[in-house]
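# Structural overview
Here's the letter readout for the chains.
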Amino acid sequence: MINSLLERKIEKRPAQVRLQGRILFLTENPELIKRQLAGEDLPWDTKNPTNNPKLRDDISTDEITPAHYCFYFDETLGEIPYLGLKCGSVTPIGRGEVKRGGFVCAVSGKRRGKGSSREQSPYAEMCAGIKVVIAENIERIYKQNCQNLGVLTSTDFSLIDRIRGGQEIALSEFTAGEDEITRQVIEYGGLFPFNVARMQKKIFLPPVKTGKRPMTLAEKIFARHMLNEKGEVGVPAVKPGDTGFAQADLRFSHEYVTPMAAIFFERYVGKDAKVNDASSIIFFRDHLTFLDEVISEEKKKLGLLDLATQLKLKQQDFAVKQGIKLHGELKDRKGSEGICHSIVLESYALPGQLNIGSDSHTPHVGAIGCVAFGIGTTDVFNSWITKDVRVKVPESVRIVIRGKKHENVTAKDFILKILSLDYVRSGKALAKVMEYAGEAIEALSVDERATMTNMAAEIGGFTGIVAPDKKAVDFLVERRGMDRKKAEAMIDGMYSDPEAQYAHVIELDAAEITPMVATPGDPGNGKYVRDLNTPVPVEIAYGGTCTAGKNEDMDMYAAVLADALRQGKRVAGSVMFYIQFGSQETREYCLRKGYLDVFQKAGAHVIEPSCGACINAGPGVSTRPDQVVISAQNRNFPGRSGPGQMYLASPFTVAASAVAGYIVEYEPSEKKELVGA
């Protein structure tokens, strides 16, 4: 494998770029988009921005490439970009329209490419002819995916006039302000040609020269894993902005990403080439095991169900060929062994590791003190060659939650509160490490901490992390059967130094936080349940996914439903309540605790593990725009889980609302009796 790459001809792209084509402005006004697709070039005043129509903010990768279309893993994706883009209640872009329009540049507002790490999004744009993306700010994973593929990105709106004028633009304008490695990735036209040039010693990594300094927990872990100038693992210290490659302890991907990465690997490296260290790579079949139950007849006619089957088969074949462990479908019943994040936390991740995965919720395992982060397809397939990943050491934000929380408040309420803060909503937390601390965090179990670290993805953070402590040790001993002394040795020194520096510190008082919901459209739309002005009736309640399908989440659903049964109540007749396990381990836990009996008696529908409704691929999805859903999942972007109106909430609130028939706070019956007395 290495020999074939050493002989590969690799050259930099030209120093001057001329982008010939039209510009597509993704505005809030759907009529303006339709006019552009029909051939009209929208006037744009780069000198007086207030004269221009409002651009769409918060365009998620779900809107660029809706989940069902990610079953394509080839150039067909060029027909797909922006099919899910919503302007008000309108989706103005049809299949193939961007490609037919001859657009070379797409322009939008704040937080471009938020959400899922799916590289299908920039790949679809690229295959449709988009060569440059301009936005006010751009999410980390999406931006890195663009760079890896060779799509140029910029926040400089003055480029618009020059692109329209057909002028040459210096490539250096797209590399300005970037670190040395990112600059070279852009110059070589993508991560793979850069890595080949790196193997051929045409380029050399800048050495990390940071001297000994107080470090955050994440910085300590980065320092342990960064390659030095000799290619050895580990440097004395790092600081934010240091760039290089970090060796990964674990690399994992699921059936949405593995096939595309496998095709890239076979195309660019060789059909008979072997991955580097198959023992530290894990594959998962966890996203699409229930797809056939919810996919529409229209999408079946388009062949999308058949394509989804091809994803499964391609991953399976590549796993066998490469000798890679695959956590797949169940043999005796429908469902999967578990969601990737659930299984990695339960069975693989260790304190102090650096783990990478093909999913934006990879930070889940930060709950036991790992640095874990999501990467795109090109990063995945390159890591199979090099076993490392490109890293720019991020700044850290310390989020301190002091005091004692209310009995009916959970980690999900904490994170929905954080997501509603101006600092997060304005994009200031983008690409930073979220370090959670304080008495209220220390009081949380590892399962609940995982909710906090998992949803660092919704913040737009690089990752989320909690310093490992006795609870992390207990988790490793009780859930993994690990020797206690070995587990204690792993967490030695795994804390932030007192003098460590942070980009920002957020302080919250747990006692001031009551049960939260995020209203439809965005996880950042947080408000207290008690501040909903009118009762919100619900038709579907959903408890599951990586965020809310863990053991302790099941404790919460069971507590609410057992409470309801004691009062002679059950799930409201107007509500379908789905509870989906995150893993088989959690299912076994529920069997041992007797929860399945409680769920059944209360009228909840229990489902085997899968990502399911969270990605519009299983029971619990909405089917009508007016349908109201309350869900314990992590995202409620437009169209992500069907066309309905989705509210996000904690397992307590979801279960209590399923019983009431409308959104309510959960109040334990003992507490009600005390209040009544």
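Let's shift gears to the nonpolar core. Within soluble globular proteins, side chains that are nonpolar generally end up buried alongside one another. Within the largest apolar cluster, 128 residues are counted, with the highest numbers of intra-cluster contacts made by Tyr82, Phe222, Phe373 and Trp384. Per element, the largest residue contribution to this core is 6 residues, and it comes from helix α14 (residues 304-322). Apart from residues no more than four positions distant in its own chain, tryptophan 384 is found in contact with Arg251, Ser253, Thr258, Ala261, Ala262, Phe265, Val275, Asn276, Ile281, Phe283 and Phe318.

What follows is about unusual backbone geometry. Even without a glycine there, the phi angle at lysine 387 is positive, about 65°. Of note in this structure, threonine 545 is not a glycine but carries a positive phi near 75°. Tracing the backbone shows threonine 545 in helix α24 (residues 545-548). Overall, threonine 545 belongs to the buried group, its relative accessible area being 2%.

Let us now look at the pairing of strand β12 (residues 371-374). Side chains Val371 and Phe373 of β12 all project onto a buried face; the interleaved residues Ala372 and Gly374 project onto the opposite face, where all are buried too. Sheet topology note: the strand β11 (residues 354-357)/β12 ladder contains 4 bridges and is parallel. Across the sheet, isoleucine 356 pairs through a bridge with phenylalanine 373, a residue of β12.

The next thing to look at is the side chain of glutamate 119. Inspection of the secondary structure assignment puts glutamate 119 in the loop between β3 (103-107) and α5 (120-127). For glutamate 119, the side chain forms a polar contact with the side chain of threonine 378, separated by 2.4 Å. Excluding residues that lie within four positions of it along the chain, glutamate 119 makes contacts with Asn145, Leu149, Phe264, Gly376, Thr377, Thr378 and Asp379.

Right, let's talk about the packing of aromatic side chains for a bit. Under the criterion given, the structure shown has 21 aromatic pairs. With 5.5 Å between their ring centres and 35° between their planes, phenylalanine 192 and phenylalanine 381 make a pair best called tilted. Here phenylalanine 381 lies in helix α16 (residues 377-386) and phenylalanine 192 lies in helix α10 (residues 191-199), a separation of 189 residues in the sequence. Aromatic rings pair up to connect Tyr123, Phe192, Phe264, Tyr268 and Phe381 into one cluster. Above the ring of phenylalanine 462, the side-chain terminus of arginine 140 is found at 4.3 Å from the ring centroid. The side chain of arginine 198 reaches across the aromatic face of phenylalanine 245, ending 3.9 Å from its centre.

Of all 9 residues making up helix α15 (residues 340-348), 7 are buried, and the element is well covered by its neighbours. Three or more residues of α15 are buried, namely Cys340, His341, Ser342, Ile343, Val344, Leu345 and Glu346.

Turning to the pattern of salt bridges, a few remarks are in order. When charged atoms on two side chains of opposite charge get close, those side chains can pair. Using the criterion set out here, one finds 51 salt bridges in the structure. For arginine 22, the salt bridge identified is with aspartate 41, shortest N-O distance 2.8 Å. Of the two residues, arginine 22 is situated in strand β2 (residues 22-25) and aspartate 41 in the loop between α2 (30-37) and α3 (61-64); the sequence distance between them amounts to 19 residues. Accessibility expressed as a relative area gives 44% for aspartate 41, which makes it partly exposed. With a shortest N-O distance of 2.7 Å, aspartate 522 and lysine 114 are connected by a salt bridge. Taken as a pair, aspartate 522 in the loop between β18 (516-518) and β19 (526-528) and lysine 114 in the loop between β3 and α5 lie far apart in primary sequence, 408 residues in all. In this pair, the class of aspartate 522 matches that of lysine 114, namely buried.

So, about the environment of serine 445. Along the chain, serine 445 falls in the loop between α19 (439-442) and α20 (446-454). With a relative accessible area of 22%, serine 445 lands in the partly exposed category. Along the sequence, serine 445 and aspartate 474 sit 29 residues apart, while their C-alpha atoms lie 9.9 Å from each other. Ignoring any residue separated from it by four or fewer positions in sequence, one finds serine 445 in contact with Lys471 and Glu552.

Procedures and definitions
- Throughout this document, residue positions are counted from 1 along each chain, in the order its sequence is written.
- Where totals are concerned, whole chains, interfaces and linings use all residues; where local detail is concerned, this predicted model gives features only for residues with pLDDT of at least 70, and gives and counts side-chain atom pairs only at 80 or more.
- Only hydrogens and water are removed before side-chain values are computed, so all heavy atoms of the structure are retained for them.
- In this text, buried Ala, Val, Leu, Ile, Met, Phe, Trp, Tyr and Cys residues form a nonpolar core when linked through side-chain atoms within 4.5 Å.
- Burial classification: accessible surface area is computed with a 1.4 Å probe over protein chains only, and a residue below 20% of its type maximum counts as buried, one above 50% as exposed, and the rest as partly exposed.
- Elements are defined by DSSP. Helices are runs of H or I of four residues or more, strands are runs of E of two residues or more, and each kind is numbered from the N terminus.
- Residue contacts are defined here by distance: any two heavy atoms, one from each residue, within 4.5 Å place the two residues in contact.
- When DSSP finds at least two bridges between two strands, those strands are taken to pair.
- For this analysis, a polar contact is any N or O atom pair within 3.5 Å, provided that within protein one partner can donate a hydrogen and the other can accept it, and provided that sequence-adjacent residues contribute only side-chain to side-chain pairs.
- Pairing of aromatic rings covers Phe, Tyr and the six-membered ring of Trp, with a centre-to-centre limit of 6.5 Å; geometry is then stacked below 30 degrees between planes, edge-to-face above 60, and tilted otherwise.
- Here, over-ring charges are defined by two tests on the NZ atom of lysine or the CZ atom of arginine: distance to the ring centre within 6 Å, and angle to the ring normal within 35 degrees.
- By definition, a salt bridge exists where a carboxyl oxygen of Asp or Glu is found within 4 Å of a side-chain nitrogen of Lys or Arg.

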